[in-house]
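# An overview of the molecular structure
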Amino acid sequence: AITIDSNERVGIGTGSTALDEELTVAIGGATAAPVISLDSYSTGPGYYGYVNCRKSNNNTVGTLTATGSGDYLGGMTAWGIGSGGARAIGPYFYMKQTGASGANYVPSEFVLRTTTDDAIVNAITVDGAGAVDIPVSFTIGEGAVITDIVNSDGLSTSDATLSTTGNVKAYADLMLPL
């Protein structure tokens, strides 16, 4: 069924859909697994399914106004149901503008966040230059944890130092050529 409410929000699905977003796709049942597929059938290597997120600094639909530093340009969130029976946030990513818009490109960063049972964790940030920031520790083997990676341009033999716990050397020698 397709539902359009008084606020012009669209719901697509079976049964009653809760229209709390601009577009809701809802399927109910024991084997329900709603999927949005973007299929491309082409012999050309540059044609594939993808999703565009576009932000304009204007309240009028169709009016394109340059975005500015700090604007969130798009993202995706996974949700579950929390212990209280309400929607609860899971991992998500977003793209955020980090400077003034150019004519053809928008300076931005990509941020991936994960969640524990009680907190959102900023897991990985990739800035506009492609530098990767991992602000939390990560495991690279049983008992081997890298707790910090520090840019150290002044070092003569390496451009990074690793702060670690556990037996990390063997994993780092194999996996992280520095």
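So, how was this worked out
- Think of each chain on its own: its residues are numbered from 1, step by step along the sequence as written.
- For a predicted model such as this one, the threshold for reporting local features is a pLDDT of at least 70, and the threshold for listing and counting side-chain atom pairs is 80 or more; totals across whole chains, interfaces and linings nevertheless cover every residue.
- For side-chain calculations, the full set of non-hydrogen atoms in the structure is used, while hydrogens and water are omitted.
- Only DSSP runs of H or I reaching four residues or more are called helices, and only runs of E reaching two or more are called strands; each is numbered from the N terminus.
- Relative accessible area decides the class of each residue, using a 1.4 Å probe on protein chains only: under 20% of the type maximum gives buried, over 50% gives exposed, and in between gives partly exposed.
- Two residues form a contact once any of their heavy atoms are found within 4.5 Å.
- To measure how exposed things are, a 1.4 Å probe is used in the Shrake-Rupley method; for residues, cover is taken only from the protein chains shown.
- Only the six-membered ring of Trp is used, alongside the rings of Phe and Tyr, when aromatic pairs are assigned; centres must lie within 6.5 Å, and planes under 30 degrees apart are stacked while those over 60 apart are edge-to-face, with the rest tilted.
- Nonpolar side chains (Val, Leu, Ile, Met, Phe, Trp, Tyr) within 5 Å and like charges within 9 Å form the patches, drawn only from residues with over 30% relative accessible area and no salt bridge.
- Whenever a carboxyl oxygen of Asp or Glu lies within 4 Å of a side-chain nitrogen of Lys or Arg, that contact is scored as a salt bridge.
- Only when DSSP finds a minimum of two bridges between them are two strands counted as paired.
- The pLDDT score gives, residue by residue, the confidence of the prediction method on a 0 to 100 scale.

Moving on, we get to the overall build of the chain. From N to C terminus, the chain includes 1 helix and 11 strands. Ordered by position from the N terminus, the helices and strands of the chain form the series β-β-β-β-β-β-β-β-β-β-β-α. Counting across all 178 residues of the chain, residues that qualify as buried make up 16%. A fraction of 15% describes how many contacts in the chain between residues 6 or more apart in sequence connect residues 24 or more apart. For the chain, the computed accessible surface area is about 13000 Å², with 55% contributed by carbon and sulfur atoms.

Counted according to the given criterion, the structure contains 3 aromatic pairs. Plain terms: the ring middles of tyrosine 72 and tyrosine 94 are 5.1 Å apart, the flat faces sit at 65° to each other, and that makes the pair edge-to-face. Residue tyrosine 72 is located in strand S4 (residues 72-81), and its partner tyrosine 94 is located in strand S5 (residues 87-97); the two are separated by 22 residues in the primary sequence. Relative accessible area serves as the criterion here: at 10%, tyrosine 94 is assigned to the buried category.

A word on a nonpolar patch on the surface. Together, Ile36, Leu38 and Val51 make up an exposed nonpolar region whose accessible area comes to about 320 Å². Within the fold, valine 51 resides in the loop between strand S3 (23-26) and S4.

When S4 meets S5, the two strands line up antiparallel, connected through 8 bridges. Paired with threonine 77 across the strands is tyrosine 92, a residue of S5. If you look at the hairpin formed by S4 and S5, you'll find 5 residues sitting between the two strands, and glycine 85 has a positive phi there, around 85°.

Here the focus is the pairing of strand S6 (residues 108-115). Relative to S6, S5 runs antiparallel, the two sharing 6 bridges. Residue pairing in the sheet places methionine 95 in a bridge with phenylalanine 110 of S6. Connecting S6 to the next strand, strand S7 (residues 120-126), in antiparallel fashion are 4 residues.

Looking at the chain, pLDDT values average 77 and 60% of them are 70 or higher. Per-element confidence in the chain is highest for S5, whose mean pLDDT is 94, and lowest for helix H1 (residues 169-175), whose mean pLDDT is 58.

For the rest of this paragraph, the subject is the sheet that holds S6. With respect to topology, 5 strands assemble into an open sheet ordered S4-S5-S6-S7-S8, the strand pairing being antiparallel. One side of each edge strand has no neighbouring strand; the edge strands of this open sheet are S4 and strand S8 (132-133).

Of note, leucine 38 is situated in the loop between S3 and S4. Judged by its relative accessible area of 44%, leucine 38 is partly exposed. For the pair leucine 38 and tyrosine 48, spaced 10 residues apart in sequence, the C-alpha to C-alpha distance is 8.0 Å. Beyond its immediate stretch of four places on either side in the chain, leucine 38 contacts Gly49, Tyr50 and Val51.

Mapped onto the elements of the fold, threonine 67 is located in the loop between S3 and S4. On the accessibility criterion, threonine 67 (11% relative accessible area) is buried. Those residues in contact with threonine 67 that sit more than four places away from it in its chain are Lys55, Ser56, Asn57, Leu73, Gln97, Ser101 and Val106.

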